[in-house]
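# Observations on the model geometry
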Amino acid sequence: MVKESTQQSTSPTIDYLLFYVNGKKIIEHHVEPDWTLLWYLKNKLNLTGSKLGCGEGGCGACTVLISQCLNRHSDELEHRTVNACLAPICSVDGCHIITIEGLGSVAKSNLHPAQSRLAEMFGSQCGFCTPGIVMSLYATVTSSNHSNPSSSSLTIQDIEEAFDGNLCRCTGYRPILDAAKTFAKDIHKLPSKDSSITKPVSTTLDKCLSFVKHTDKEIKKIEFPQELRHHIPQSIYIKGSFVEWYRPITLNELLHLRSTYPGSASKLVFGNTEVQIETKFKRLKYPRFISVTHIEELQQFTRTQTLLILGAGVTLTCLQGRLTEWNDKKLDGGICQALIDQLKYFASTQIRNVASLGGNIVNASPISDVNPVLQAADAVLELHRADTNSIRFVPLRDFFLAYRRVAMTDDEVLVSIHIPLPTSTTTNKTFIHSYKQARRRDDDIGIVSAGLCVQLESINTTTDKQQWRIVCARFSFGGMGPTTILAKNTQQELIGQTWSRTTITKACELALKEMPLDELTPGGQPEYRRTLVQSFLFKFYVYVCSELHQLSVDPKELSAAHSYHRAVSHGQQIIPERPNSQKIVGTSLPHRSAYLQTTGEAKYTDDMPSLPNTLYAAFVLATQPNARIKSIDLGAASKVPGFVTFVNHNDIKGNNMTGDIVHDEEVFVSSITPCVGSIIGVVLCETERASYAAAHLVQIEYELLTPTIFTIDDAIEHQSFLDNERCLQQGDIEKGFSEAENILEGTILIGGQEHFYLETNCCMAIPSNDDYELTLYSSTQNPSKTQELTALALGCDVNHVVCHVKRMGGGFGGKESRSITPTIAIAVAAVKVGRPVRMNIERDVDMCVTGQRHPFKIKYKVGFTNEGQFKALDVYLWSNAGCSFDLSMPVLERAMLHIDNTYRFPNIRVRGRLCKTHLPSNTAFRGFGGPQGLFGCETIIDHVARHLKLDALVIRRLNMYKEGDLTHFSQPLERWNIPRLMDELVESSDFLQRQKTVEEFNKLNTYRKRGIAILPTKFGIAFTAKFLNQAAALVHVYKDGSVLISHGGTEMGQGLHTKMISVAAEVLGCNVNRVRISETATDKVANTSPTAASASSDLNGMAIRIACEQIRERLNKLVSGDDIHLPWESLVKKAYFSRIDLCAHGFYATPEPLGADFSQNRASFNYFTQGTAAAEVELDTLTGDWHILRVDIFMDVGTSLNPQIDIGQIEGAFIQGVGLFTMEELIWGDHKQYKWTKPGALFTRGPGTYKIPSFNDVPIDMRVELLSNAPNPLAIYSSKAIGEPPLFLGAVVFFALKNACMAYREQQGYSEYFPFNSPATVERLRMACTDEFTQRACIDKHEIFQARGSY
Ligand SMILES: Cc1cc2nc3c(=O)[nH]c(=O)nc-3n(C[C@H](O)[C@H](O)[C@H](O)COP(=O)(O)OP(=O)(O)OC[C@H]3O[C@@H](n4cnc5c(N)ncnc54)[C@H](O)[C@@H]3O)c2cc1C
Ligand code: FES
Ligand code: FES
């Protein structure tokens, strides 16, 4: 931060801000201190490139770069990326802000290489994360000083760690990392292609090298404004409408303010990373902020021989830098390294760039990562106060009094932290180490964190073996109570004991006694947390022993001493040649909007400017499940300035009942709330801020009803179901079981999954009194259904409503049906007031309201021979549908239709039931039930294999369908490529040899286990509802030769429009750049099916082809003689003057047989997309932490329409599947599993608590190959649908992890089968790694302990 501060407290105080945005000077006199920088950029400067993905610093979509002069005499500049959604606008005084708009623009043809490379290397799909990612990349490149690889100081390792604050839900990250690595100086360290591969391979290295060849020029940096180099910070006082902002520049001034406004009269703020969460999500109100960013004394770094003094106002990034400089175990006993280790996985780069050490300490979070290390180091806090000018030193061990309560008086300021340095001699040594285990490595708060320190003295023994006695111990833990806790009793008991395994076992036992947790402990996971405490103590023991070179440590245990070092990731792709007959289709055209997305110029619904008179809506949502609304009190809400009206079910002119298939839910709750989050009403206000404020002031009184049902088991107990049981049967299962030599039974659970599209639901409704028209702009995959159901609620004909969709920032099924009800509510509100109304649903609300993937419970009985040949399968699937039908029945049906995966069960009965619960309605999610059914099937394979002590691959191969076999729904398998895919993948991934290597590794390592697995998948393509398999398109060729296409599909990043454009250009014979798609709109193409079921390219591609063929046929009639070479534009002109129709409509219906009829045990898909994957993982069995070492995916996409886009879909779906099966866990409050959170309420409602895979989870070696010579005559240009099928392949990581876990269990003497529920979270993995630690942590039998879950 700014170091220079010579001003006294008498310095003049200014009431405005001076800053630059993208080189443009701004002097702002009219700011509200509670505006965030993001809000200001979007609403005051109309810079819509930076995106709002979460508003809580967890996704990075809002990332901007802030540059500042640190010292005007030395010209030293500091560049840091920040989350604009957290940064207060008042914090940017004296700064230069660079947003995505400042880098380059398509309109100006001046793209920055960070933008163009990301676009050209397929690093942007839906594009909503892209501006934030470009900014992180730009900052990384800029701060390395050079952007040309030949002179850059940037390494591939730097790149690997540069995006820890950015999330992408579409790409799977590999292409982004590839593009970013083009800027690294040491790209030659990337692995080159394996010489044994004879096919055309493209690797990360090849890609990077090709850019090096193209770019020798220095890449221009955006200049820092001269004026700001001479900027002298002054005291600031800004009086806003609700809040005041002070920025003192001297300590005296700060202390004076603090004593004038003590306690809750003011709030100190540094990085605002915690305070913003408090004000936004906990709705705490502070009348006055005092910014402490410009106080010199708070920014000191001092090292003496005995002490480190760290200013409370140093940012964590600066701290990391300084600690790295200082790091010397001999001098500091390891304290610097312990802090560095903890900061590596502390939040994200963007957060560390602004968050302060003091903020973390005073915030007193029980799960702080830094406080345990500081406590273990015996740090002391220096607190200052104004009135007496007194300075107090408080040991950190006495600082935390209770939950978020600290020993600091109302008017004190934390100035610095003093850390004593230990003295080590040959006979007296001190060791300190830090530990953290979170749900995800990147940007996640620890579940348990620890700082462990011991001082040992050497004991003279008669033997040669040197022994050590404990002189002092400090064991501090986060996540084990309401504050950071020192295990004081444990420490005390250890003094005088020898440093041995027996002592550490005793420490584990004592620590557990001292830190008991029960099932009501907030955050849950008591058994896991109790296990982690012991794991950390044990790791520390091994670490200290290894440092002491103690021979007592078994070499097999040494891996417990050190944390895993993650190698640099890389990828490779193998793409078959494009057929010669095609000129454009089959080429890897970049995503059509990629450049616009990388420049932030691509517009999403929320980026559209507001029309005059627009009102802002906010939902009033039910806070109780299954409750009768007794009263609604608008008193306080209506007093909010700007309040206009409240809209509820009384305002519905048409039908309040709605729903995608069955109209069984209400737009606005009229009496009984079906779940927490159901919409009771909408508040309309003149501003967005007022609408949120007013919505929260609406008071609702409820009468609670019983029973409340949340889980599948609750529903079964109460017989709470939707519709009847579904059944599918083939053969004779009784006979099959009688012939089986073995019968196994089991139950498996798979949890739900949040879509986490980066763009939340958003809509705008514009009514017009001119013929009662209503125009909707909505982020939906289903414009026609939105139009129809809105008309139903309004009580008007469908032709009065038009729904437009330009693009979505991701959908994944989450915007197929659940986007509709919020849009209807907004439409009703707009029509009521006759004014435009808009709403962007906040992330936490979106997650609570719009439903997720269905959790499933699958119970099976399988009969098989001693060789593993299946004889019979009887399986029952229950899904948690939530409170209404929505799409639950087709989701369940697809799960039932995919229960066979790629195997033949000669006698089979599959039954399924929808459980009705008091949760928001669960809905479509990429795979649409398929992954749940497939997971059930592969669990059965695994169970059978373990029972017979055979390799699962043997069972898979033995039961694999053959060409022409009938599925359990009587569809013959044609062009059956699975056996080939499996055989070739086993070969190309060297699977069998690697299995042996894994075994060897496991023998040599006790606490690290590797696992390897291979899986096939088949996925049926077509909607099971036959009528949806239709599409239409409208093609206009204009006189200048340009072409405009409208079709029924929506673009959500999957590259649909790009593929459609290439189909049109191929058929018409024109340049692809002449073809455009503007938007999807119901007044261009009517009665469209949702963009879903992976079928949109198939359906819309055919419709476009049919339309284009008509035009081409008409044009062909004009081509004769010399005209044969007539350029496209001339031909079009000639056609126009010949009065030939240059427009056409195309319609396509997928040929029969098609659709599912369960009453006849039959279903027909158009075809199956097929694929296989192998994965190898490494698991830390003491913590549950893991990495994917290598993944090989081999996919049959027919003859690809666009290979790179298809690979993007494969990798993106795969990583989303990895998320589903490993780390994404929804936690709902209920009566049994999660009693510590409110029943029926979602705890995991944002990126802070719900973890999707991040950059750090990318496989270190990621290989994808597309199958050659596998044309598919049943789809457009012989291609295959690809959106959903690869998602299930992510389960291969689950099974590899399960194998690793089983290897540990076997080593511990537990070799019997263990049912392992999904997702394989760090908790579930660790607790399945049964050992002495889990035994001490569990009350019940630890060998069968199953971590809790919401199912
Ligand atoms: C996305 C995200 C991820 C995070 N990840 C982690 C994580 O991995 N580990 C972790 O431990 N924390 C994490 N946090 C919490 C938070 O970032 C840290 O606590 C951070 O260090 C707070 O610093 P700040 O400067 O932003 O504090 P602020 O929000 O500015 O202030 C926090 C508190 O400290 C007080 N305060 C600040 N400075 C002083 C001072 N000098 N004297 C007295 N009081 C003061 C403020 O009044 C306030 O009460 C995360 C937060 C977010 C939003
Ligand atoms: S919107 Fe700022 S981090 Fe998500
Ligand atoms: S492209 Fe990253 S979230 Fe869609």
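Everything here concerns the structure above.
For the structure given in this document, a descriptive report is provided here. None of the values given here were measured: they were computed from a predicted structure. (Residues numbered from 1 in each chain as written. Chains lettered and ligands numbered in written order. Predicted model: local features only at pLDDT ≥ 70, side-chain atom pairs only at ≥ 80, totals over all residues. Heavy atoms only, no water.)

## A look at the packing of aromatic side chains
Summed over all chains, the structure comprises 38 aromatic pairs. Both rings, one in Trp245 and one in Phe289, keep their centres 6.1 Å apart while their planes meet at 55 degrees; by these two values the pair is tilted. Separated by 44 residues along the polypeptide, Trp245 in strand β9 (residues 244-247) and Phe289 in strand β11 (residues 288-291) bring together distant segments of the chain. The buried category is assigned to Trp245, whose relative accessible area is 3%. Their ring planes at 15 degrees and their centres at 4.4 Å tell us that Phe870 and Phe905 sit as a pair that is stacked. Separated by 35 residues along the polypeptide, Phe870 in strand β39 (residues 870-882) and Phe905 in the loop between α28 (888-897) and β40 (908-916) bring together distant segments of the chain. Among the aromatic residues, those joined into a cluster by ring pairs are Trp499, Phe538, Phe540, Tyr541, Tyr543, Tyr1007, Tyr1304 and Phe1333. Geometry around Tyr261 places Arg288 over its ring, the cationic atom sitting 3.9 Å from the centre. Its guanidinium or amino end placed over the ring of Phe1314, Arg1305 lies 4.0 Å from that ring's centre, counting from NZ or CZ. (Phe/Tyr/Trp six-rings, centres within 6.5 Å; stacked < 30°, edge-to-face > 60°. Helix = DSSP H or I, 4+ residues; strand = E, 2+ residues; numbered from the N terminus. Buried < 20%, exposed > 50% of the residue type's maximum accessible area, 1.4 Å probe, protein only. Lys NZ or Arg CZ within 6 Å of the ring centre and 35° of its normal.)

## Quick notes on the sheet that holds strand β49 (residues 1167-1180)
Pairing in this open sheet of 6 strands is mixed, and the strands run β7-β23-β51-β50-β49-β41 from one edge to the other. One side of each edge strand has no neighbouring strand; the edge strands of this open sheet are β7 (201-203) and β41 (1008-1021). On average, each strand axis in the sheet is tilted by 15 degrees relative to the strand beside it, whichever way the strands run. Here 14 bridges tie β41 to β49, and the two strands are oriented antiparallel to one another. When the sheet's bridge partners are listed, Lys1018 is paired in β49 with Gln1170. (Pairing = 2+ DSSP bridges. Axes fitted to C-alpha atoms, helices over the stretch in contact; angles between N-to-C directions.)

## Considering the site of ligand 1
Contacts to ligand 1 come from 31 residues, most closely from Leu268, Phe270, Thr273, Ser356 and Asp369. Measuring from an oxygen atom of ligand 1, one finds a backbone N or O atom of Val275 at 2.9 Å. Within the backbone of Asp444, an N or O atom sits 3.5 Å from an oxygen atom of ligand 1. When ligand 1 sits alone it has 980 Å² of accessible area, and the protein chains cover 94% of it. Every element with two or more residues in the shell around ligand 1 is listed here: β10 (267-269), α15 (357-363) and β18 (412-420). Among the elements that line the shell around ligand 1, the one with the most residues is α15, at 4 residues. Looking at the shell around ligand 1 residue by residue, the class counts come to 15 nonpolar, 9 polar and 7 charged. (Near = heavy atom within 4 Å. Polar contact = N/O pair within 3.5 Å; in protein donor to acceptor, adjacent residues only side chain to side chain. Areas by Shrake-Rupley, 256 points an atom, 1.4 Å probe, with all protein chains shown as cover. Nonpolar A, V, L, I, M, F, W, Y, C, P; charged D, E, K, R; others polar.)

## A short note on the pairing of strand β20 (residues 446-459)
Burial of β20 is extensive: 12 of the 14 residues sit out of reach of the surface. Here strand β19 (residues 428-438) runs beside β20; their pairing, made up of 11 bridges, is antiparallel. For Lys429, the partnering residue across the bridge sits in β20 and is Leu456. Alignment of β20 against strand β21 (residues 467-478), held across 11 bridges, turns out to be antiparallel. The residue bridging Leu452 from the neighbouring strand is Phe475, located in β21.

## Remarks on the pattern of salt bridges
Side-chain pairs of opposite charge can arise whenever the charged atoms involved come near each other. Following the criterion strictly, the structure yields 78 salt bridges and no others. For Arg441, the salt bridge is made with Asp1257, and the minimal N-O distance between the two is 3.4 Å. Pair noted here: Arg441 is in the loop between β19 and β20 and Asp1257 is in the loop between α36 (1203-1223) and β51 (1261-1266), with a separation of 816 residues, a long-range link. Accessibility expressed as a relative area gives 6% for Asp1257, which makes it buried. Between Lys1251 and Asp444 there is a salt bridge, with the nearest N and O atoms lying 3.5 Å from each other. (Salt bridge = Lys/Arg side-chain N within 4 Å of Asp/Glu carboxyl O.)

## A word on helix α6 (residues 174-181)
Counting buried residues along α6, 8 of its 8 residues qualify, which places the element largely inside the surrounding structure. Along α6, the residues that are buried comprise Arg174, Pro175, Ile176, Leu177, Asp178, Ala179, Ala180 and Lys181.

## Examining the side chain of Thr1199
Following the sequence through the fold, Thr1199 ends up in the loop between β50 (1186-1196) and α36. Beyond its immediate stretch of four places on either side in the chain, Thr1199 contacts Pro579, Ala1270, Pro1271, Tyr1277, Ser1278 and Ser1279. (Contact = heavy atoms within 4.5 Å.)

## What to know about the sheet that holds strand β25 (residues 627-633)
Sheet strands associate in pairs through backbone hydrogen bonding, adopting either a parallel or an antiparallel arrangement. Spatially, β29-β25-β31 is the arrangement adopted by the 3 strands of the open sheet, whose pairing is antiparallel. Each edge of the open sheet carries a strand with a single partner, namely β29 (672-673) and β31 (699-704). Pairing of β25 with β29 involves 2 bridges; the strand directions are antiparallel. Residue pairing for β29: Ala627 is matched across the bridge by Thr673.

## Focus on the packing of α36 against helix α37 (residues 1291-1307)
Packing of α36 against α37 leaves a shortest axis separation of 7 Å and a crossing angle of 45 degrees. The angle between the axes of α36 and α37 places the two elements in the oblique class. Contacts from Phe1214, Val1218, Phe1221 and Thr1222 in α36 reach Ala1291, Val1292, Val1293, Phe1294 and Leu1297 in α37. (Parallel < 35°, antiparallel > 145°, perpendicular 65-115°, else oblique.)

## Structural notes on the pairing of strand β42 (residues 1030-1037)
Here β42 runs beside strand β46 (residues 1143-1149); their pairing, made up of 7 bridges, is antiparallel. Paired with Ala1033 across the strands is Gly1146, a residue of β46. As defined by bridge partners, β42 adjoins strand β43 (residues 1043-1047) across 5 bridges and the pair is classed as antiparallel. Note that in β43 the partner of Leu1034 across the bridge is Ser1046.

## Quick word on unusual backbone geometry
The amide bond that connects Glu1152 to the next residue, Pro1153, takes the cis arrangement and shows omega of 0 degrees. Along the chain, the position of Pro1153 falls in the loop between β46 and β47 (1155-1157). Along the chain, Ser1318 connects to Pro1319 via a cis peptide bond; the corresponding omega equals 5 degrees. Within the secondary structure, Pro1319 is located in the loop between α37 and α38 (1322-1328). One non-glycine residue, Asp723, adopts positive backbone phi at about 60 degrees. Tracing the chain through its elements places Asp723 in strand β32 (residues 721-730).

## Focus: the packing of helix α25 (residues 783-794) against helix α26 (residues 820-833)
Contact pair α25 / α26: the axes reach a minimum separation of 9 Å and the direction vectors enclose 45 degrees. Relative to α26, the element α25 lies oblique. Crossing of α25 against α26: the hand is right-handed. Counting all contacts with α25, which are made through Lys785, Thr786, Leu789, Thr790, Ala793 and Leu794, the residues of α26 involved are Ile820, Thr823, Ile824, Ala827, Val828 and Val831. Its residues placed into classes, the contact of α25 with α26 shows 8 nonpolar, 3 polar and 1 charged. (Left-handed = near helix turned anticlockwise from the far one by under 90°.)

Any link to function would need more than the numbers given here.
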